[in-house]
Amino acid sequence: MSEPLVLTLSCADRPGITARVTSFLFERGGNILEAQQFNDRTSDAFFMRVDFDPGEQTADALRVDFAGLAGDFGMDWKIVTRDRPRRVLIMVSKFDHCLADLLYRWRIGELAMEPVAIVSNHPRAAIEHTDIGDIPFHHLALTRESKAGQETQVRAIAEETGAELVVLARYMQILSDEQAAHFAGRCINIHHSFLPGFKGAKPYHQAHDRGVKMIGATAHYVTADLDEGPIIHQDAEPISHADTPEELVRKGREIENRVLAEAVRLHLEERVLLNGKRTVVFRG
């Protein structure tokens, strides 16, 4: 069997898209392994993800042939190798639980990624409990005056390493509009989220003071609108009046770990398609 490929596409909805796509693959000896589609009635848009064995066809040949069909429908599309590890740059500050969790999942083969660099605005000692192995670590100190230069360095590292995804694993700095635009659609952030929302320092302590009964986290793509980018994955769990602020912090770390890891997995597997300010997530 050939190396499986993934086709993802989006376009204005109209009759015949699914038939044309599946016929295209069949006529070239492809075998569909998984297919999902979604018709968004609110935006009149169509989304599709097809996991397939290309048979004797190469990815490059299929891309050339598919371009004509895609042009007929005005598609935004791509065909990529399914199981190739994506190159990932991870950014972190002092809270390293999400970093440690991502690296563990990578090491056991749960996440198909290749960590190419870790960037932090704090020295290596700030994450001394996390084993980063031989992954290059870059300490890029950040002040108000050095922000533009520091972000330029981050972009240079991403370019030099060929990073396809940037993960803010509790990187406690706000990206500039320029940086957010540069990494649009390929930068994921994890954010503690509560109802009501608690911003600023010690959100878990604020939640405790207000007696919340549910805590959670949200993973989303980074945009210029702070913490309002397209949502990829969310999760929550109930708490009680007996939980202390420290217990909320502990539970919050666990939620953040699993929410960020799931969002990264979904992105790596080409299961997330942007739909304006929202996302279409084809789970598998």
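Before reading further, recall that the structure is shown in the block above.
Reading guide: rules and limits
- Residues numbered from 1 in each chain as written.
- Predicted model: local features only at pLDDT ≥ 70, side-chain atom pairs only at ≥ 80, totals over all residues.
- Heavy atoms only, no water.
- Helix = DSSP H or I, 4+ residues; strand = E, 2+ residues; numbered from the N terminus.
- Rg over C-alpha atoms; globule rule 2.2 N^0.38 Å.
- Buried < 20%, exposed > 50% of the residue type's maximum accessible area, 1.4 Å probe, protein only.
- Contact = heavy atoms within 4.5 Å.
- Areas by Shrake-Rupley, 256 points an atom, 1.4 Å probe, with all protein chains shown as cover.
- Lys, Arg positive; Asp, Glu negative; His and termini not counted.
- Charge placed at Lys NZ, Arg CZ, Asp CG, Glu CD.
- Pairing = 2+ DSSP bridges.
- Axes fitted to C-alpha atoms, helices over the stretch in contact; angles between N-to-C directions.
- Core = buried A, V, L, I, M, F, W, Y, C linked by side-chain atoms within 4.5 Å.
- Right-handed = clockwise from strand over helix to strand, strands pointing away.

Colleague: I tried to follow the overall build of the protein on my own but got confused; where do I start?
Modeller: Each helix and strand in the protein was counted, giving seven helices and 13 strands. Computed over the C-alpha atoms, the radius of gyration of the protein is 21 Å, within 12% of the 19 Å expected from 2.2 N^0.38 for a compact globule of 284 residues. In terms of principal-axis extent, the alpha carbons of the protein reach across some 60 × 40 × 35 Å. The proportion of buried residues among the 284 residues of the protein is 48%. Here the analysis covers contacts within the protein between residues at least 6 apart in sequence; of these, 66% occur between residues at least 24 apart. With the model as given, the accessible surface of the protein reaches about 14100 Å², and the carbon-plus-sulfur share is 51%. Each charge class in the protein can be summarised by its mean position, and for the 33 positive and 42 negative side chains these summaries are 4 Å apart.

Colleague: Is there a simple way to think about the sheet that holds strand S2 (residues 31–40) in this case?
Modeller: For sheets, the rule is that strands pair by backbone hydrogen bonds, running either parallel or antiparallel. With respect to topology, four strands assemble into an open sheet ordered S2-S3-S1-S4, the strand pairing being antiparallel. Single-partner strands in this sheet number two, and they are S2 and strand S4 (76–81). Pairs of neighbouring strands in the sheet enclose a mean axial angle of 10°, with direction left out of account. For S2 and strand S3 (residues 45–53), the ladder comprises nine bridges, and the chain directions are antiparallel. For Phe38, the partnering residue across the bridge sits in S3 and is Phe47. Together, strand S1 (5–12), S2 and S3 form the strand contacts of helix H1 (residues 17–27), whose direction differs from that of S3 by roughly 20°. Each of S1, S3 and S4 touches helix H2 (residues 59–73); the most contacted strand, S4, lies at about 165° to it.

Colleague: Help me out: how do you make sense of the nonpolar core in this one?
Modeller: The nonpolar side chains of a soluble globular protein tend to be buried, and buried together. Judged by nonpolar contacts, the single largest core of 37 residues is most densely connected at Ile90, Leu99, Leu102, Ile188, Leu260 and Val264. Of all elements in the fold, only strand S5 (86–92), helix H3 (97–107), strand S6 (113–120), strand S8 (165–168), strand S9 (187–193), helix H6 (203–210), strand S10 (214–221) and helix H7 (245–268) reach the threshold of two or more residues within this core. Examining the composition of this core, we find that nine residues originate from one element, H7, more than from any other. Apart from residues lying up to four places away in sequence, Leu102 is in contact with Ile90, Leu111, Met113, Val167, Ala169, Leu260, Ala261 and Val264. If you look at the next biggest cluster of nonpolar residues, it comprises 20 residues, including Leu5, Val50, Leu62 and Ile79.

Colleague: Before we go on, may I ask you to explain the pairing of S6 in this structure?
Modeller: On any regular strand, side chains alternate: one points to one face of the sheet, the next to the other face. With seven of its eight residues buried, S6 lies for the most part within the structure. Assessed by its sense of winding, the connection that carries the chain from S5 through H3 to S6 is right-handed. One ladder, built from three bridges, connects S6 with strand S7 (residues 137–139); its direction is parallel. Note on S7: the bridge partner recorded for Ser120 is His139.

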